[in-house]
Amino acid sequence: MVKKVIRKVLVISGLMISLGISHAHAGVIEVSGNVSGAWSTGNTYIVTSTVTVPLGLKLTVEPGVMVKFSTNTSLIIAGELIAIGTLNGTITFTSNNTSPQQGDWNNIKF
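The following paragraphs examine the structure supplied in this document. (Residues numbered from 1 in each chain as written. Predicted model: local features only at pLDDT ≥ 70, side-chain atom pairs only at ≥ 80, totals over all residues. Heavy atoms only, no water.)

1. Focus on the overall build of the protein
Rule in force here: Runs of H or I in DSSP of at least four residues are treated as helices and runs of E of at least two as strands, each being numbered from the N terminus. Whether two residues are in contact is decided by their heavy atoms, any of which lying within 4.5 Å being enough. To measure how exposed things are, a 1.4 Å probe is used in the Shrake-Rupley method; for residues, cover is taken only from the protein chains shown.
Within the protein, the secondary structure is distributed over zero helices and ten strands. Ordered by position from N to C terminus, the α and β elements of the protein give β-β-β-β-β-β-β-β-β-β. By sequence separation, contacts in the protein at least 24 residues apart represent 52% of the contacts at least 6 residues apart. Entry remark: accessible area of the protein is about 6200 Å², with carbon and sulfur atoms responsible for 52%.

Structure follows, in structure tokens:
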């Protein structure tokens, strides 16, 4: 009997995610659609429409990354998410609105 194992990792103290890049300038990168790979330290990633990490793929978010979600967007993890921050390199998931409020964006779903 062969067992299929899918590893999903979410570390609340710091999250790591890597998404597809559609537009980049001055450390601000807009992402949408299917993604995998790594989001690099020091950059801000703007989720402009729902982002999915497909089954069998991995997204790594490095320490020091900020992820901002536009209204009604989500991060859906069908594959693997690795997000491990540090004391000096936290990972932040927040709203892209000027004055972030609870409910500005949808969720991170596994």
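What follows picks up the thread again.
2. A word on unusual backbone geometry
The cut-off we apply is this: When a residue's accessible area, from a 1.4 Å probe over protein chains only, is under 20% of the maximum for its type it is buried; when over 50% it is exposed; and in between it is partly exposed.
Phi is positive for N72, close to 60°, though the residue is something other than glycine. Residue placement: N72 occurs in the loop between β6 (66–69) and β7 (75–77). N72 sits in the exposed class, given a relative accessible area of 55%.

3. So, the sheet that holds strand β3 (residues 37–39)
We apply this condition: Paired strands, as defined in this entry, are two strands with at least two bridges between them according to DSSP. Axes, fitted as lines to C-alpha atoms, cover a helix only where it is in contact. Angles between the N-to-C directions of the axes lie from 0 to 180 degrees.
The three strands are arranged β3-β5-β8 in an open sheet whose pairing can be described as parallel. Two strands bound the open sheet, and with one partner strand each, they are β3 and β8 (80–83). On average, each strand axis in the sheet is inclined to that of its neighbour by 15°, with strand direction left out of account. In this structure, strand β5 (residues 58–61) lies alongside β8, joined through four bridges in parallel fashion. Counterpart to K58 in the pairing with β8 is E80.

4. Description of the environment of W105
With respect to the element layout, W105 can be found in the loop between β9 (92–95) and β10 (108–109). Between the C-alpha atoms of W105 and K68, which are 37 residues apart in sequence, the distance is 9.0 Å. Filtering out sequence-adjacent residues up to four positions away, W105 remains in contact with F69, S70, N72, T73, F93, T94 and S95.

5. Some points on the packing of aromatic side chains
Describing an aromatic ring pair means giving the distance of the ring centres and the angle of the ring planes. Definition in use: To pair, rings of Phe, Tyr and Trp, with the six-membered ring standing in for Trp, must have centres within 6.5 Å; the planes then decide the type, stacked if under 30 degrees apart, edge-to-face if over 60, and tilted in the middle.
Under the counting rule described, the total for this entry stands at three aromatic pairs. Taking 3.9 Å as the distance between ring centres and 5° as the angle between the ring planes, the aromatic pair formed by F69 and W105 counts as stacked. Within this pair, whereas F69 is found in strand β6, its partner W105 is found in the loop between β9 and β10, the two being separated by 36 residues in sequence. Through pairs of rings, three or more aromatic residues link up here, namely F69, F93 and W105.

6. Comments concerning the environment of V51
Positionally, V51 belongs in strand β4 (residues 44–53). Taking relative accessible area as the criterion, V51 reaches 0% and is therefore assigned buried. Each C-alpha atom, one on V51 and one on I108, is 9.6 Å from the other, the two residues being 57 residues apart in sequence.

7. Things to note about the nonpolar core
Filter applied, for reference: To qualify as a nonpolar core, a set must consist of buried Ala, Val, Leu, Ile, Met, Phe, Trp, Tyr and Cys residues joined through side-chain atoms within 4.5 Å.
The biggest cluster of nonpolar side chains holds 20 residues, and the ones touching the most others in it are W39 and L75. Of all the secondary structure elements, the ones that give two or more residues to this core are β2 (28–34), β4, β5, β6, β7 and β8. The greatest single-element share of this core, amounting to four residues, is contributed by β4.

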